[in-house]
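Fold and geometry: a report
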Amino acid sequence: GPQVDVCELSGLRIARRCRSDASSFRHKTPQYLALPFSRLRELPSKKQERDRVVFGILYDCSDLEKMGNGELYVRWHLTDLAQPPRLLNLQLRGGAFTHWRGRQAGAR
C-alpha cells in the first residue's frame, strides 16, 4: 500500500504535509525544546532557558476575549489525538496574540 507519512515527535498521521518534518525543525532551531503533550507536566513552572514548542492539532478557537486588565486574547484548543485524547487549552496573549491574530482572521 501507499507509504503513511507520520510526524516523528507526536506519532500523528499526516494527510498532507505542508511543512518540513520534526527532525528538520529540531536541527534548524536547536534553541527550542519540542515536547509531546504527554511530557508537559514534567516542565518546571519557572522561566526556561529555551522556548518550548508543542505540536498538536488545533480543533477549536474562541472568539476574541478580554482580560480584567483590558488585554485582548483568544483561546486555542489543541489535541494530540491520543486515545483517550489529551487536550490543551492555550491562552494566546501579548506578542503571540498580535502575531497570530491576522492569520486567524484570514483563516475564518
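Predicted model, so just to flag it, every value in this text is computed and none were measured.

1. Re the overall build of the protein chain
Looking only at helices and strands, the protein chain features 2 helices and 8 strands. Secondary structure elements of the protein chain occur, N-terminal to C-terminal, as β-β-α-β-β-β-β-β-β-α. A buried classification covers 22% of the 108 residues belonging to the protein chain. A sequence separation of at least 24 residues applies to 25% of the contacts in the protein chain between residues at least 6 apart. As displayed, the protein chain has an accessible area near 8,500 Å², and 51% of this comes from carbon and sulfur atoms.

2. Quick word on the side chain of Glu65
With respect to the helices and strands, the residue Glu65 is situated in strand E6 (residues 65-66). A distance of 2.4 Å separates the side chain of Glu65 from the side chain of Arg75, its partner in a polar contact. Apart from residues lying up to four places away in sequence, Glu65 is in contact with Glu71, Leu72, Tyr73 and Arg75.

3. Observations concerning the pattern of salt bridges
For the structure shown, the criterion picks out 3 salt bridges. Notably, a salt bridge pairs Glu71 with Arg93, separated by 3.2 Å at the nearest N-O pair. Taken together, the residues Glu71 in the loop between E6 and strand E7 (72-79) and Arg93 in the loop between strand E8 (87-92) and helix H2 (94-107) connect sequence positions 22 residues apart. Asp80 is paired through a salt bridge with Arg86; the nearest N and O atoms lie 2.7 Å apart.

4. Side note on the packing of aromatic side chains
Within this structure, the stated rule accounts for 1 aromatic pair. Relative to Trp100, the ring of Trp76 has its centre 5.8 Å away and its plane inclined at 70 degrees; by these criteria the two rings are edge-to-face. Residue Trp76 is located in strand E7, and its partner Trp100 is located in helix H2; the two are separated by 24 residues in the primary sequence. Trp76 gets classed as buried once you look at its relative accessible area, which sits at 14%.

5. Observations concerning the confidence of the model for the protein chain
Per-residue confidence for the protein chain gives a mean pLDDT of 76, with 70% of residues at or over 70. Looking over the protein chain, one finds the lowest element-wise mean pLDDT in helix H1 (residues 22-28), namely 56, and the highest in E6, namely 94.

6. Overview of the pairing of E7
Burial analysis of E7 places 6 of its 8 residues in the buried class, which makes it a mostly covered element. Pairing between strand E5 (residues 57-61) and E7: 4 bridges, direction antiparallel. Bridging from a neighbouring strand, Leu58 pairs with Leu78 of E7. When E6 meets E7, the two strands line up antiparallel, connected through 2 bridges. Bridge assignment links Lys66 to a residue of E7, and that residue is Leu72. Hairpin remark: E6 followed by E7, antiparallel, with 5 residues in the connecting loop; positive phi at Gly70, about 95 degrees. For E7 and E8, the ladder comprises 6 bridges, and the chain directions are antiparallel. Across the sheet, the residue bridging to Thr79 is Leu87, located in E8.

Rules used in this analysis
Residues numbered from 1 in each chain as written. Predicted model: local features only at pLDDT ≥ 70, side-chain atom pairs only at ≥ 80, totals over all residues. Heavy atoms only, no water. Helix = DSSP H or I, 4+ residues; strand = E, 2+ residues; numbered from the N terminus. Buried < 20%, exposed > 50% of the residue type's maximum accessible area, 1.4 Å probe, protein only. Contact = heavy atoms within 4.5 Å. Areas by Shrake-Rupley, 256 points an atom, 1.4 Å probe, with all protein chains shown as cover. Polar contact = N/O pair within 3.5 Å; in protein donor to acceptor, adjacent residues only side chain to side chain. Salt bridge = Lys/Arg side-chain N within 4 Å of Asp/Glu carboxyl O. Phe/Tyr/Trp six-rings, centres within 6.5 Å; stacked < 30°, edge-to-face > 60°. pLDDT = per-residue confidence, 0-100. Pairing = 2+ DSSP bridges.

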